[in-house]
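This is what each chain is made of:
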There are 2 protein chains.
Amino acid sequence: MSSIDEIALSVLENAPAPDEASGSALRDRAANVLRPAGALARLDEVCAWLGSWQRTKTPAVEKPAVVVFVADHGVTTEGVSAYPAEVTVAMLRALNEGVATAAAMSRSVGAELHVVDVGVGDPTGNIAVEPAMSAARFRVCFDAGRDAVANVDADLVIFGEMGIGNTTPAAAVAATLFGGPAEEWTGRGTGVDDETWARKVRAVEAARARIAPDASPMEILREAGGAELAAIAGAMVEARARSIPVLLDGFVVTAAVAPLAVLHAGALDNCLAGHRSPEPGHAMLLDKLGLEPLLDLRMRLGEASGALAALPLVRLAATVVVDVATFEEWGLTR
Amino acid sequence: MSSIDEIALSVLENAPAPDEASGSALRDRAANVLRPAGALARLDEVCAWLGSWQRTKTPAVEKPAVVVFVADHGVTTEGVSAYPAEVTVAMLRALNEGVATAAAMSRSVGAELHVVDVGVGDPTGNIAVEPAMSAARFRVCFDAGRDAVANVDADLVIFGEMGIGNTTPAAAVAATLFGGPAEEWTGRGTGVDDETWARKVRAVEAARARIAPDASPMEILREAGGAELAAIAGAMVEARARSIPVLLDGFVVTAAVAPLAVLHAGALDNCLAGHRSPEPGHAMLLDKLGLEPLLDLRMRLGEASGALAALPLVRLAATVVVDVATFEEWGLTR
């Protein structure tokens, strides 16, 4: 175990259990509001989840925050992306100036967007031949994620990422954590051709081959991940410690938090999956983590876009239980 | 052909084609905004659809309207619902007073809710033994639907319905229009038991057996439908004539507009399916109509709830094309 495994484990072990009293009161209310029991079963369940982590019988999504972590990746030198690494810095600027997809979506759904640069212009190591990060850098990134969540005042958080090349570390982390053929964990990312995909698979295999078979979950993330993945893991730990509900985005975000689930059962209990990406590794990860996504719209962008698309459903889930009268309140018997 | 078939056909034949110039400009823009081409393909396509019916290159969902039609059904005397017919009037009041599901959801997504009573306390005929409506009543309901749409100032409309017993007429209309076993078109509605379901199937079969094999689409709707279904058909025709995009709700709404698609190809071109209900007939209807729903959350309430849940996705679809910079605007080459 590395020191970050120990820190994460200590925080997770001391993190609060969900507020079952609120969850259960909301399930009861959902069964008695003015509609056939179970007619909106999935939304009713989302409402109970939201209330149990917000620790209230009147959950709501009124001040959601989105934190997008941005970084560069040394593995791009292996030719694993359809885009040059320079696009990352341009997208960082587009996010900050409000003209990137995540910025437009955040405005539309009423979420506050925070953009955190954890390594643009300072690429991580090429995971095919060396660790992505030193222990020191890993710690800096992990703590940047924790700080980002500690500093937002939010009733729900979404993590996003942008970093050319980052579906390769995501696949490498997932493949190393869970085993299985690298080909199955490796997808087309931004839409790469067959040759580029074959290079991605080789980079994932090379990264996994480098890593000790008994490496801890956080060591795997340090070795095979990336700076924004490390930050997302830190952000997740902090959200779990603070009992803030988290709506997960796609493959990269899910791969970044997966090591925490291996480290500690229940680490992701405050998470709901926003969507299922067509990246094959994402469906596999969601299965491993027992998460059923709200949306399946073949979105494959990242940037938090899949979670942002699902956010209004979480808001609706709260209102259809909290703000609808019960049969009794309405003077009816069932 | 009945006079309403003739009226509907005349309106539909004179309804405008979509504005392909706007649709095509939006497809071009979507292919050039700051993300990998096709990363949000489904939303890009929704945006082009929205712009082609709003007839603008800058589509948006800023003033959506929801019109919920409410009515009573004579077929409830066959014992086809888990709820007594008296619940309809209570739900009408709950909709009007803002404590029903559709009212809470409309507030959450920023849609204006209109509730139109087309027959509460004045049930239609029992379709198992007689036509649902006389030609005169059918015309009144159809026109009420047209008027409702003519009187809203909306950039997108959603139709909803509430009426205890109304999945039975919906199944009867669909089964008569498209053929096939009544058992396959008949679902559990609000959640009926096996005996009640068997009575529903028999009512659907009896309604179909009564109707002349060569009955026109609108005659089928008059014979086997209900007052709110007739109103929804009228509302749909008016929205098509006015080139207003329509987001369809579940089984009852889809069954109400299906006769128009049989009457005139292209009648529903301005429609997008909001969700897929677990009512088996809904999936079958969506297949027949070539509609792929945005959501699949096992929602089975009606009241417009499925379409309301999908509305934020349509709003997002517009913003992710219109409000995101292109590579060229951002000084990048692809």
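Residues numbered from 1 in each chain as written. Chains lettered and ligands numbered in written order. Predicted model: local features only at pLDDT ≥ 70, side-chain atom pairs only at ≥ 80, totals over all residues. Heavy atoms only, no water.

All right, on to the packing of aromatic side chains then. Summed over the entire model, instances satisfying the criterion amount to six aromatic pairs over all chains. A centroid spacing of 6.3 Å and a plane angle of 15° characterise the contact between A:Y83 and B:F327, whose relative ring orientation is stacked. Note that A:Y83 is positioned in the loop between β1 (64-71) and α4 (87-96) and B:F327 in the segment after α14 (305-322), a pairing that runs across two chains. Per residue, the accessibility class of A:Y83 equals that of B:F327, and both read buried. Ring geometry for A:F138 and A:F142: centres 6.4 Å apart, planes at 55°, overall tilted. Of this pair, A:F138 and A:F142 both sit in helix α6 (residues 135-150), four residues apart, roughly one helical turn. A:F142 sits in the buried class, given a relative accessible area of 1%. Over the ring of B:W330 we find A:R93; its NZ or CZ atom is 4.3 Å from the centre of that ring. (Phe/Tyr/Trp six-rings, centres within 6.5 Å; stacked < 30°, edge-to-face > 60°. Helix = DSSP H or I, 4+ residues; strand = E, 2+ residues; numbered from the N terminus. Buried < 20%, exposed > 50% of the residue type's maximum accessible area, 1.4 Å probe, protein only. Lys NZ or Arg CZ within 6 Å of the ring centre and 35° of its normal.)

This part covers helix α1 (residues 3-13) of chain A. Residues and elements named next belong to chain A. What α1 keeps buried is the set I4, D5, A8, L9, V11 and L12. Taken around the axis of α1, the buried residues stretch over an arc of 165°, which confines them to a single face. Buried residues along α1 sit against α6, α10 (217-224), α11 (227-241) and α12 (251-263). (Arc of directions from axis to C-beta. Contact = heavy atoms within 4.5 Å.)

A few words now on the environment of B:T58. All names here are of chain B. Tracing the sequence through the fold places T58 in the loop between α3 (41-54) and β1 (64-73). Residue class for T58 comes out exposed when judged on its relative accessible area of 54%. Between the C-alpha atom of T58 and that of L26, which follows or precedes it by 32 residues, the distance is 8.2 Å.

To continue, consider the interface of chain A and chain B. Facing the 50 residues of chain A at the interface are 50 residues of chain B. The largest per-residue losses of area from chain A upon contact with chain B belong to A:L297, A:L316 and A:W330, which jointly make up 16% of the total buried on that side. Across the chain A-chain B interface, the total number found is two salt bridges. A salt bridge links B:E292 to A:R298; its shortest N-O distance comes to 3.2 Å. Breaking the side of chain A that touches chain B down by element, the ones donating at least two residues are α3 (41-54), α4, α5 (101-109) and α14 (305-322) of chain A. When residues of the side of chain A that touches chain B are assigned to their parent elements, the largest contribution, nine residues, is made by α14(A). (Buried area = accessible area lost by both parts, 1.4 Å probe. Salt bridge = Lys/Arg side-chain N within 4 Å of Asp/Glu carboxyl O.)

All names here are of chain A. Its boundaries defined by the atoms lining it, the largest pocket holds a volume of some 440 Å³. Lining the largest pocket are 22 residues, with W49, D269, C271, L272 and L291 sitting closest to its centre. Of all the secondary-structure elements, those providing two or more residues to the lining of the largest pocket are α2 (20-30), α3 and β5 (271-273). Per-element tally for the lining of the largest pocket: the top contributor is α3, with six residues. (1 Å grid on protein atoms, 1.4 Å probe; cavity = no way out; pocket = protein on both sides within 12 Å on 5 of 7 lines; lining within 4 Å. Points joined across faces, edges and corners; volume = space filled by probe spheres on them.)

These results come straight from atomic positions and should not be treated as a statement about function.
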